[in-house]
Amino acid sequence: MPLPDFKTMYSELIARPSVSALDPSLNQSNRAVIELLAHWCEQLGFSTEITELHSAPGKFNLLARKCPPGMAEQSGGLMLAGHTDTVPFDNSRWNFDPFQLSEKDNRFYGLGSIDMKGFFAFVLKALEELQEAQQSAPVMILATADEEITMAGAQEIARHSNLKPARCIIGEPTDMVPVYTHKGHMSSAIRITGRSGHSSDPDRGLNAIEVMQQVIANLLQLKEDLKNKYSLSDFVIPYPTLNLGHIHGGDNANRICGCCELHIDLRPLPGLSITELQALLMQAVAPINERYPDSVSVIDLHDPIPAFHGTRDCALVKLAEKISGQQAVAVNYCTEAPFLQQLGCETIVMGPGSIAQAHQPDEYLAMEKIEPSQQILTELIRQQCFS
């Protein structure tokens, strides 16, 4: 039975909600998307393996594999990888139904249209067009869970005992420009525990907001130190970044604030380890904790994501540059690449759609990009796995 046409596949993927969120009231299973992809893969002759995540019950990974006729060995070849979850959305800011593919102004609108459920429609269309009899190397399709919050799906796949692709393409939206390296990501909560009391007698309490002000001063100094001490010219923003993203504390004007919490975002460069960056953060808050014993806690909001360190001169990057006509670049956002790279494969990030549309209301894929993106992806697969 043939697969549905490209637009229908796109529509059916978007129609299945798969929001990942740390807020349990927003968090959803991705099972419906995984089962749909497994069904389509099986129609193309792939064997499929659906696995529930140990660390996130109700979330699932899909690994689909297809070897050339007569080949039993499933190592080597190419893995085409992507995540099946999306970010939450603010319905009041969307002009379209996030879960319905809407076509307007030569665009496909829908949640996940480019970040990144739509990538699987490109992959499946390419594989349907390529001649099965000419397959010369294994092809794997990996669909993961929870990329948008913990990357738990990719982390569990990285420990897979029987998965050894030679190369991997992660289809995040890059406008089909190959990405060979990117920064990591840390999100931390800095919590100040003071002593509340009546505002008329400040000395009987410890104002957590005032203590936080001292912490922020040290963090801003750390921000400058990171900018001045670490640099990689590959990146448009060549230094590690530190962002003060969210703060809340206190409950009333006439009470001494007893608790204040700040959430920060850190983006380490390749070569700057998570351990080293965590140590720098602890050094920044240590003097405050000495002044006010046990008042400052630093808590990871999720497991830190290391930077992805690839090179421009690997064979997969060179092939992707040749086929796309685009020079490989470094980017400041992060993906599942550092975890999938642990499988021992050459890895790039390269997919249809613009990252500028990711996590935005009215997320869309420009329709004029569909055919050229499809041609590039199909040729990448053909040159590596079909002869």
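Residues numbered from 1 in each chain as written. Predicted model: local features only at pLDDT ≥ 70, side-chain atom pairs only at ≥ 80, totals over all residues. Heavy atoms only, no water.

## A closer look at the overall build of the chain
Across its full length, the chain holds nine helices and 18 strands. Relative to its length of 387 residues, the chain is compact, with a C-alpha radius of gyration of 23 Å against a globular reference of 21 Å. Seen through its C-alpha atoms, the chain measures out along the principal axes to roughly 80 × 45 × 40 Å. The buried share of the chain, reckoned over its 387 residues, is 52%. Across the chain, contacts joining residues at least 24 apart in sequence account for 80% of those joining residues at least 6 apart. Of the roughly 17,100 Å² of accessible surface on the chain, 48% is carried by carbon and sulfur atoms. (Helix = DSSP H or I, 4+ residues; strand = E, 2+ residues; numbered from the N terminus. Rg over C-alpha atoms; globule rule 2.2 N^0.38 Å. Buried < 20%, exposed > 50% of the residue type's maximum accessible area, 1.4 Å probe, protein only. Contact = heavy atoms within 4.5 Å. Areas by Shrake-Rupley, 256 points an atom, 1.4 Å probe, with all protein chains shown as cover.)

## Side note on helix α9 (residues 370-385)
The end-to-end C-alpha distance of α9, which contains 16 residues, comes to 22 Å, matching closely the 22 Å that a straight helix rising 1.5 Å per residue would cover. Among all positions in α9, only Ile370, Ser373, Gln374, Ile376, Leu377, Thr378, Leu380, Ile381, Gln384 and Cys385 are buried. (Expected span 1.5 Å × (residues − 1).)

## Details of the UniProt feature "domain: Peptidase M20 dimerisation" (unreviewed entry) in the chain
The positions UniProt marks with the feature "domain: Peptidase M20 dimerisation" (unreviewed entry) are residues 180-292. Within the segment residues 180-292, helix and strand shares are 35% and 29% respectively, and the terminal C-alpha atoms sit 45 Å apart. (UniProt positions renumbered as here; feature names shortened; annotations may be inferred.)

## Observations regarding the environment of Cys334
Looking at where Cys334 falls in the secondary structure, it is placed in the loop between β16 (329-331) and α8 (337-340). For the pair Cys334 and Pro306, spaced 28 residues apart in sequence, the C-alpha separation works out to 8.7 Å. Ignoring sequence-local partners within four residues, the contact set of Cys334 consists of Glu147, Met151, His182, Lys183, Gly184, His185, Arg267 and Ile305.

## Some remarks on the pairing of strand β3 (residues 78-83)
Among the six residues that make up β3, six are buried, leaving the element largely enclosed by the rest of the structure. Burial along β3 is two-sided: Leu78, Leu80 and Gly82 and Met79, Ala81 and His83, pointing in opposite directions, are all buried. Where β3 and strand β6 (residues 139-144) come together, six bridges link them in parallel fashion. The residue of β6 that forms the bridge with Leu78 is Val139. Sheet analysis places β3 next to strand β7 (residues 167-170), joined by four bridges and oriented parallel. Note that in β7 the partner of Leu78 across the bridge is Arg167. (Pairing = 2+ DSSP bridges.)

## Topic: the pattern of salt bridges
The full count for this structure, using the stated rule, is 14 salt bridges. With its nearest N and O atoms 3.9 Å apart, the salt bridge here joins Arg65 to Glu49. One end of the pair, Arg65, is in strand β2 (residues 60-66); the other, Glu49, is in strand β1 (residues 47-52), and 16 residues separate them in sequence. Judged by relative accessible area, Arg65 falls into the buried class, the value being 9%. (Salt bridge = Lys/Arg side-chain N within 4 Å of Asp/Glu carboxyl O.)

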